[in-house]
Amino acid sequence: MATSAAVSRKVVSHNEWLAARTAFLKKEKEFTRLRDELSKQRRELPWEKLEKNYVFDGANGKVKLADLFEGRSQLLIYHFMLGPNWTEGCPSCSFLADHYDGAIPH
């Protein structure tokens, strides 16, 4: 976490900076490749067959999980946090909920 105190930085020539930046870029690219590989492996994880018949309270009564999709291929479920004694929801959850409509086209 940054503080208001000035941070002492080493000042170097352009060639020294370029060498340091090039070395750091190599590490960044390695990290990106590793993250991409992990993401690929996550997408390839097997799916779990749901054995339980989940039923929800919808606007027009009981709704099965599959019916929540309403013919769409994906369903977004978000856990909105609201504590038992809270008068408002979690600030981050509230922010996301306030912006769902803007995210729909994406």
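Note that this is a predicted model, so its numbers are computed, not measured.

Trainee: So what's going on with the overall build of the protein chain? Residues and values would help.
Mentor: Broken down by element type, the protein chain carries three helices and two strands. Its C-alpha radius of gyration of 24 Å places the protein chain more than 25% over the 13 Å reference for a compact globule of 106 residues. Projected onto its principal axes, the C-alpha coordinates of the protein chain cover approximately 70 × 40 × 25 Å. Looking at the 106 residues of the protein chain, the share that counts as buried comes to 6%. Taking contacts inside the protein chain between residues at least 6 apart in sequence as the whole, the part at least 24 apart equals 3%. Looking at the protein chain as shown, the accessible area adds up to about 10800 Å², and 57% of this sits on carbon and sulfur atoms.

Trainee: Tell me about the confidence of the model for the protein chain, and name the residues and values.
Mentor: Averaged over every residue, the pLDDT of the protein chain is 87; the share at 70 or more is 91%. Of all the helices and strands in the protein chain, helix H3 (residues 100-103) carries the lowest mean pLDDT, 70, while helix H1 (residues 14-43) carries the highest, 97.

Trainee: Outline a nonpolar patch on the surface, listing residues and values.
Mentor: A cluster of nonpolar side chains, namely Leu76, Tyr78, Phe80, Met81, Leu82, Trp86, Phe95, Leu96 and Tyr100, defines an oily patch on the protein surface of about 920 Å² accessible area. Examined against the element boundaries, phenylalanine 80 turns out to sit in the loop between strand S2 (61-64) and helix H2 (91-98).

Trainee: Provide a residue-level description of the pairing of S2, including the pertinent values.
Mentor: Bridge count for strand S1 (residues 55-58) against S2 is four bridges, and the pairing is antiparallel. Counted as the bridge partner of aspartate 57 is lysine 62 from S2.

Trainee: Give me the pattern of salt bridges: which residues, what numbers.
Mentor: Scanning the entire structure with this criterion turns up four salt bridges. The closest approach of N and O atoms between glutamate 44 and lysine 40, which form a salt bridge, is 3.1 Å. Note on glutamate 44: relative accessible area 51%, which makes it exposed. Given a relative accessible area of 36%, lysine 40 falls into the partly exposed group.

Trainee: Please provide a residue-by-residue account of the environment of asparagine 85, values included.
Mentor: Of note, asparagine 85 is situated in the loop between S2 and H2. Along the chain, asparagine 85 and lysine 49 lie 36 residues apart, while their C-alpha atoms are 36 Å from each other.

Trainee: Break down the environment of valine 7 for me, citing the residues and quoting the values.
Mentor: You can see valine 7 is positioned in the segment before H1. A relative accessible area of 57% means that valine 7 is categorised as exposed. Sequence-wise, valine 7 and glutamate 70 are 63 residues apart; in three dimensions their C-alpha atoms are separated by 55 Å.

Procedures and definitions
- Residues numbered from 1 in each chain as written.
- Predicted model: local features only at pLDDT ≥ 70, side-chain atom pairs only at ≥ 80, totals over all residues.
- Heavy atoms only, no water.
- Helix = DSSP H or I, 4+ residues; strand = E, 2+ residues; numbered from the N terminus.
- Rg over C-alpha atoms; globule rule 2.2 N^0.38 Å.
- Buried < 20%, exposed > 50% of the residue type's maximum accessible area, 1.4 Å probe, protein only.
- Contact = heavy atoms within 4.5 Å.
- Areas by Shrake-Rupley, 256 points an atom, 1.4 Å probe, with all protein chains shown as cover.
- pLDDT = per-residue confidence, 0-100.
- Patch = residues over 30% accessible without salt bridge, like charges linked within 9 Å, V, L, I, M, F, W, Y side chains within 5 Å.
- Salt bridge = Lys/Arg side-chain N within 4 Å of Asp/Glu carboxyl O.
- Pairing = 2+ DSSP bridges.

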